[in-house]
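Chain residues, written in single-letter form:
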Amino acid sequence: MRQILFNAVREYFFRRSLRFQQRAGLPDVGAWGLSINEKGHLAVGGVDTLDLLPAYGSPLLVVNRRKLLEDATAIQQAVKRCGQGSRVVYSYKTNCIPGILKEIHGVGIGAEVISPYELWLAEQLKVPGEEIVYNGVNKTEESLVRAIELDALAINIDNLPEIERISAVAKRLKKRARVGIRLGFQAKSQFGLDVDSGEALEACHRIRRHSDWLDLNLVHFCVASNVKESGTHRHFAQKSLEFMHAIKAQLGAAIRYLDVGGGVGVPTSKNMSGIEYGLYRLFGCLPKPPDLEAFEDINTYANSVNETLEESCARLNLEKPALIMEPGRFVTSRCEFLLSTVLAVKAKHRGTKYAITDAGRLSLTFPCDFEYHTIFPADQQVSLQDREIYQVMGRICTSADWMAKNLSLPPLREGDVLATMDAGAYFSSYSSNFAFPRPAIVMVEENGEVEVLRKAESFEHLVSLDTVQQ
Ligand SMILES: *Cc1c(COP(=O)(O)O)cnc(C)c1O
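Residues numbered from 1 in each chain as written. Predicted model: local features only at pLDDT ≥ 70, side-chain atom pairs only at ≥ 80, totals over all residues. Heavy atoms only, no water.

Examined against the element boundaries, Ala170 turns out to sit in helix α7 (residues 161–173). Sequence separation between Ala170 and Gln380 is 210 residues, and the spatial gap between their C-alpha atoms is 60 Å. (Helix = DSSP H or I, 4+ residues; strand = E, 2+ residues; numbered from the N terminus.)

Here it is, written out as structure tokens:
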């Protein structure tokens with residue numbers, strides 16, 4: 001009886017998932033700044049993506065430079081318009097490839113770093129301290145020295161003991177440190193200092209006691225991920241301004257920046273809700289694809305947040321702080337995609353079809369685990385007729401290495417190439433060399449020139465740090 005019920009429920013959600021996939025129609029590759037060429041192949045900057053694989057290997061991560069610059073410039077201009085000193089710092093952890101970061105800094109965006117390594121990289125890339133925000137929970141002593149010497153815009157305090165630690169380093173260097181305080185609004189997150197219990201205010205008092213060495217320069221929060229409109233940012237911006245008002249009343253200190261963190265989304269991918277994730281894991285039902293229209297334009301987005309700042313400051317009689325945004329996904333998600341090759345197609349028990357590929361979530365497509373990503377063949381004109389349902393699998397020897405479950409695709413053959421979109425947010429960050437070296441990353445220019453940003457790892461590279469090799 002239970003089994004029958006289980007099967008009926010599964011069947012219902014399964015059919016619903018397929019209907020979603022049918023209704024979503026064909027992917028409009030223009031949403032990623034790409035096109036379909038006369039052969040029916042996916043093209044970037046006039047280059048046939050199928051020509052890239054023989055030259056650079058499969059799988060391959062491909063960056064569309066034009067789209068990268070378009071998205072980076074759009075958010076940079078939208079935030080700059082919010083007034084004196086407002087700025088954008090890119091979240092390094094989202095896609096930490098120097099060749100990509102260089103392009104982002106080239107349009108005037110700074111660096112938001114969460115680790116000593118990322119801080120080091122920002123310094124290597126010559127990002128001025130004025131454009132560096134140092135977040136994270138594991139700030140080593142040496143990295144604090146670097147951040148203070150660079151005069152970072154803010155070292156954001158995530159817990160109370162950091163105050164004494166940063167102050168001690170500043171004192172030793174005889175150089176003041178600019179600090180921020182990370183507000184923790186959510187009980188379910190380990191980050192930041194609790195506002196309601198008074199911990200955050202206590203932190204400000206403590207910073208004040210160290211005012212010989214610490215300047216409180218910024219208030220920060222980071223609560224969202226891939227959100228489609230500004231409501232969340234506006235809500236917490238307002239709460240942060242109320243907090244700034246309390247600081248001003250108690251300490252007389254006006255704070256220069258309000259940093260609203262990351263989380264600005266893109267129209268083309270989405271995070272699964274808890275229920276969607278459950279259905280995907282339990283029944284293999286892909287969720288409804290994102291609605292491309294349900295996305296607030298970035299100018300409207302930044303303007304709305306800025307208007308909230310203006311209104312709240314007027315109400316609280318507070319000087320308006322400059323706005324800082326720390327986007328990761330918005331800047332790089334859409335400009336990069338993954339090409340992978342179908343190695344074999346097989347039908348198993350009860351006709352379940354498996355497409356075995358050279359990618360997979362355990363080494364390359366981890367975000368597809370909890371996010372919806374568009375995946376389609378790059379080498380054939382995609383149609384909605386004659387669809388098959390595939391378990392798209394990776395190259396690692398475990399059934400946990402899927403890329404997509406029950407994906408409706410045109411019939412696949414050995415040698416077909418799949419494109420996985422929105423690979424520019426967290427794909428290479430989460431990638432691993434589980435049994436295979438990581439692939440190359442190339443960037444295609446508008447004129448079709450191809451630049452290798454990162455070479456494919458070699459076998460020798462994988463053992464290069466081992467002291468016993470033979
Ligand atoms: C991850 C992160 C971001 C960027 O988040 P996105 O969702 O990629 O925009 C920004 N700030 C902090 C502190 C982060 O941890």
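With that out of the way, let us pick up the pairing of strand β19 (residues 388–393). In this sheet, β19 lies alongside strand β16 (residues 353–357) in parallel orientation, the contact comprising 4 bridges. Within β19, the position partnered with Ala355 by the bridge is Val392. Where β19 meets strand β20 (residues 402–409), 5 bridges bridge the pair, whose relative direction is antiparallel. Counterpart to Val392 in the pairing with β20 is Ala404. (Pairing = 2+ DSSP bridges.)

Okay, the site of the ligand next. The environment of the ligand is made up of 14 residues, and the closest members are Lys93, Gly263, Glu326, Arg329 and Tyr426. One of the side-chain nitrogen or oxygen atoms of Lys93 is found 2.6 Å away from an oxygen atom of the ligand. Within the side chain of Thr94, an N or O atom sits 3.2 Å from an oxygen atom of the ligand. Here the ligand, which alone exposes 380 Å², has 90% of that area covered by the protein. The residue makeup of the shell around the ligand, split by class, is 3 nonpolar, 6 polar and 5 charged. (Near = heavy atom within 4 Å. Polar contact = N/O pair within 3.5 Å; in protein donor to acceptor, adjacent residues only side chain to side chain. Areas by Shrake-Rupley, 256 points an atom, 1.4 Å probe, with all protein chains shown as cover. Nonpolar A, V, L, I, M, F, W, Y, C, P; charged D, E, K, R; others polar.)

A few words now on the packing of aromatic side chains. Overall, the coordinates contain 10 aromatic pairs when judged by the stated rule. Ring geometry for Phe185 against Phe221: centres 6.0 Å apart, planes inclined by 70°, an arrangement best described as edge-to-face. With Phe185 in the loop between β9 (177–184) and β10 (193–194) and Phe221 in the loop between β11 (214–220) and α9 (231–251), this residue pair connects regions lying 36 residues apart in the sequence. Given a relative accessible area of 18%, Phe185 falls into the buried group. Seen in terms of ring centroids, Phe366 and Phe370 are 5.5 Å apart; in terms of plane orientation they differ by 75°. Their pairing is edge-to-face. On the accessibility criterion, Phe366 (26% relative accessible area) is partly exposed. Three or more aromatic residues link up through ring pairs in this structure, and these residues are Phe6, Tyr12, Phe13 and Phe283. Here the basic side chain of Lys139 rests over the ring of Tyr134, its NZ or CZ set 5.9 Å away from the ring centre. The ring of Tyr280 carries Lys405 above its face, with NZ or CZ at 5.9 Å from the centroid. (Phe/Tyr/Trp six-rings, centres within 6.5 Å; stacked < 30°, edge-to-face > 60°. Buried < 20%, exposed > 50% of the residue type's maximum accessible area, 1.4 Å probe, protein only. Lys NZ or Arg CZ within 6 Å of the ring centre and 35° of its normal.)

What follows concerns α9. Its 21 residues place the ends of α9 30 Å apart at the C-alpha level, agreeing with the 30 Å of an ideal helix rising 1.5 Å per residue. When we look at burial in α9, the residues that qualify are His233, Phe236, Ala237, Ser240, Leu241, Phe243, Met244, Ile247 and Leu251. Along the long axis of α9, the arc covered by the buried residues comes to 165°, so they all point the same way. In this fold, the buried residues of α9 make contact with β9, α8 (199–209), β11, β12 (257–259) and α11 (298–316). Following α9 by one or two positions, Gly252 adopts a phi angle in the positive range, close to 70°. (Expected span 1.5 Å × (residues − 1). Arc of directions from axis to C-beta. Contact = heavy atoms within 4.5 Å.)

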